[in-house]
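Structural description and commentary
Here is how the chains run, residue by residue.
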Amino acid sequence: MLNLNQLKKLYTNSPTWVRSIYSSVPFWIRNGSEYREWSSFLNTNLNVDEYEILKLKETILYAYENTKYYKDLFDDNQINPYAIHTKRDLQGIPLLTKKLIRENLDSLQVTNYPNSKKFSITTGGTTGYPVAFYQSENIWKKELAFVYDYFSQHGYKPSMLKASFKIREFKHIDKRVFWEKDYVNNSIHFSPIHLNRYTVSNYVQKLNELKPLFFHMYPSNLLLLINSMIDENLTLNYQLHGIFLVSEGYSTDDVNKIKRFFNCNVSSFYGHSERALFARAVSSELDVYQVDKRYGCFELMDENGFQVTQEGISGSIIGTTFDNYAMPLIRCETDDLTEYIDYKSDKINMIDSLRNHVYIDGINGVTISITAFSISKSSDKISIWQLYQKQAGQLTVLVVAKKNFTDFDKDKILLPLKKDFGNFLHCDLKLIDQPFRTARGKIRRLIKDY
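In what follows, the accompanying structure is described. (Residues numbered from 1 in each chain as written. Predicted model: local features only at pLDDT ≥ 70, side-chain atom pairs only at ≥ 80, totals over all residues. Heavy atoms only, no water.)

1. Some points on a nonpolar patch on the surface
On the surface, Val25, Trp28 and Ile29 cluster together into a nonpolar patch covering about 280 Å² of accessible area. Locating tryptophan 28 in the fold gives a position in helix H3 (residues 27–30). (Patch = residues over 30% accessible without salt bridge, like charges linked within 9 Å, V, L, I, M, F, W, Y side chains within 5 Å. Areas by Shrake-Rupley, 256 points an atom, 1.4 Å probe, with all protein chains shown as cover. Salt bridge = Lys/Arg side-chain N within 4 Å of Asp/Glu carboxyl O. Helix = DSSP H or I, 4+ residues; strand = E, 2+ residues; numbered from the N terminus.)

What follows is the structure in structure tokens.
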């Protein structure tokens, strides 16, 4: 039997007519009984607090009894896995870092789970260090059910065409065809790499032709599309129903700009490659999230390594997977940050990331937080900006500029930087057509090439 990775490859290499026929099978049928069971489960009433603890105990015992890593970890630290009955009892279990996952990939995998029923996953590498791990095939159907349940709450149905911007192979770029149809997911994928003010008219023309009712994309790519459309005085000739933001941080200003431009509902959910946690935005400004206890176990940890149980205290997000029978992850670090708005109901604030809290290297060991750089406020003639370092003490501001960007705008950016950081950094500016991206198409704010 083919595993999920092999099935994906088979589908990708199939002729268009085969993919089209497959996509004609109703969504709920072609995704199988496991997907239907999860979808049904999400529409049942249950005590989520009791369910969370039941699944948490199940995960811990399963990991202890079936993996070398957790057997050794619990025994070496004299932790009794059978005595864990609440989230508070997790406090003594050492965290699982990405470094530990890389170093212990084999021993973290369940010994008695068949290879044919698991598939490999790699994180996006936004921090520059992608991490590989394994999941059991049921995780994909579970994720699909949770995501589409969330989409449906905002009016989306699988029969509705949606647009996304994804890194993939586009076969006819030389003919200025910057998109490709995904029949299985009823999506039209646009190339984020080729989007700029010279090509945006092609993108908008295709959007106006196909009229996808929903967008599903990284905020950075959406903002680049908006800025390019404004620059070229382009608009959609139809009304979008909604936009789903995915996998990147954003600001309240970003959300408001997107809403004003497209005049539609904007929503977001929190998830990640590890498939440990799921949280839904429940406020119009997308600054309040509701943790879903049915998906995985959510913890916040303060800077001293203790669980946060009070509102208003910032902490690192820690997740424990449910239902991953190939490689369970217990107390896995996510590199993300938030705080409780309401601890009892598991409502949390807008999610930040340690990946945003990175530092630029100045001379003599000086480090400067990237948060000190507000390039967009220096000029309204910028679509996207990034910071690039080839060595400590030197910084290049990379700018995807609007067409009316001038030397005056360049000076408005560089002069404040030289004034504030000139003792530690030599700053210059370079115009680029496309921002640097990760393998998955995310736009990294800081690139260090040394």
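Okay, back to it.
2. Section: unusual backbone geometry
For asparagine 233, which is not glycine, the phi dihedral falls at a positive 55°. Tracing the backbone shows asparagine 233 in the loop between helix H11 (219–231) and strand E7 (242–245). The class for asparagine 233 is exposed, based on a relative accessible area of 70%. Of note in the backbone geometry, asparagine 263 takes a positive phi value of approximately 50° without being a glycine. Turning to its location among the elements, asparagine 263 is positioned in the loop between helix H12 (252–262) and strand E8 (265–270). Asparagine 263 gets classed as exposed once you look at its relative accessible area, which sits at 56%. (Buried < 20%, exposed > 50% of the residue type's maximum accessible area, 1.4 Å probe, protein only.)

3. With respect to the packing of aromatic side chains
Summed over all chains, the structure comprises 35 aromatic pairs. Their ring planes at 65° and their centres at 5.5 Å tell us that tyrosine 148 and phenylalanine 151 sit as a pair that is edge-to-face. Of this pair, tyrosine 148 and phenylalanine 151 both sit in helix H9 (residues 138–152), 3 residues apart, which is roughly one turn of that helix. Phenylalanine 151 matches tyrosine 148 in its accessibility class, with the two residues each being buried. For the ring pair phenylalanine 151 and tyrosine 156, a centre distance of 5.5 Å and an interplane angle of 80° mean the geometry is edge-to-face. When sorted by exposure, phenylalanine 151 lands in the same class as tyrosine 156, which is buried. Positioned above the aromatic ring of tyrosine 134, the side-chain terminus of lysine 118 is 5.1 Å from the ring centre. (Phe/Tyr/Trp six-rings, centres within 6.5 Å; stacked < 30°, edge-to-face > 60°. Lys NZ or Arg CZ within 6 Å of the ring centre and 35° of its normal.)

4. A short note on the nonpolar core
Membership of the largest hydrophobic core comes to 73 residues, with the highest contact counts inside it found for Phe215, Leu222, Leu225, Leu236, Ile243, Ile258 and Phe262. By residue number, the principal contributor to this core is H9, which donates 7 residues. Excluding anything up to four places from it in sequence, isoleucine 243 contacts Phe215, Leu222, Ile258, Phe262, Cys264, Asn265, Val266 and Ser267. Core analysis: the next-biggest nonpolar cluster, separate from the first, contains 25 residues, Val131, Met327, Leu329 and Ile330 among them. (Core = buried A, V, L, I, M, F, W, Y, C linked by side-chain atoms within 4.5 Å. Contact = heavy atoms within 4.5 Å.)

5. A few points about the layout of surface pockets
In this structure, the second largest pocket spans a volume of roughly 180 Å³. Taken together, 16 residues form the lining of the second largest pocket, with Arg197, Val400, Ala401, Ile432 and Asp433 sitting closest to its centre. Those elements giving two or more residues to the lining of the second largest pocket turn out to be H11 and strand E20 (394–401). Class assignment for the residues of the lining of the second largest pocket results in 8 nonpolar, 3 polar and 5 charged. (1 Å grid on protein atoms, 1.4 Å probe; cavity = no way out; pocket = protein on both sides within 12 Å on 5 of 7 lines; lining within 4 Å. Points joined across faces, edges and corners; volume = space filled by probe spheres on them. Nonpolar A, V, L, I, M, F, W, Y, C, P; charged D, E, K, R; others polar.)

6. Here we look at helix H10 (residues 200–210)
Where H10 is concerned, the buried positions are Val200, Asn202, Tyr203, Val204, Lys206, Leu207 and Asn208. Residues of H10 that are buried make contact with strand E3 (162–165), strand E4 (179–182), strand E5 (187–190), strand E6 (214–217) and H11. Lysine 211, located one to two residues past H10, shows a positive phi value of around 55°.

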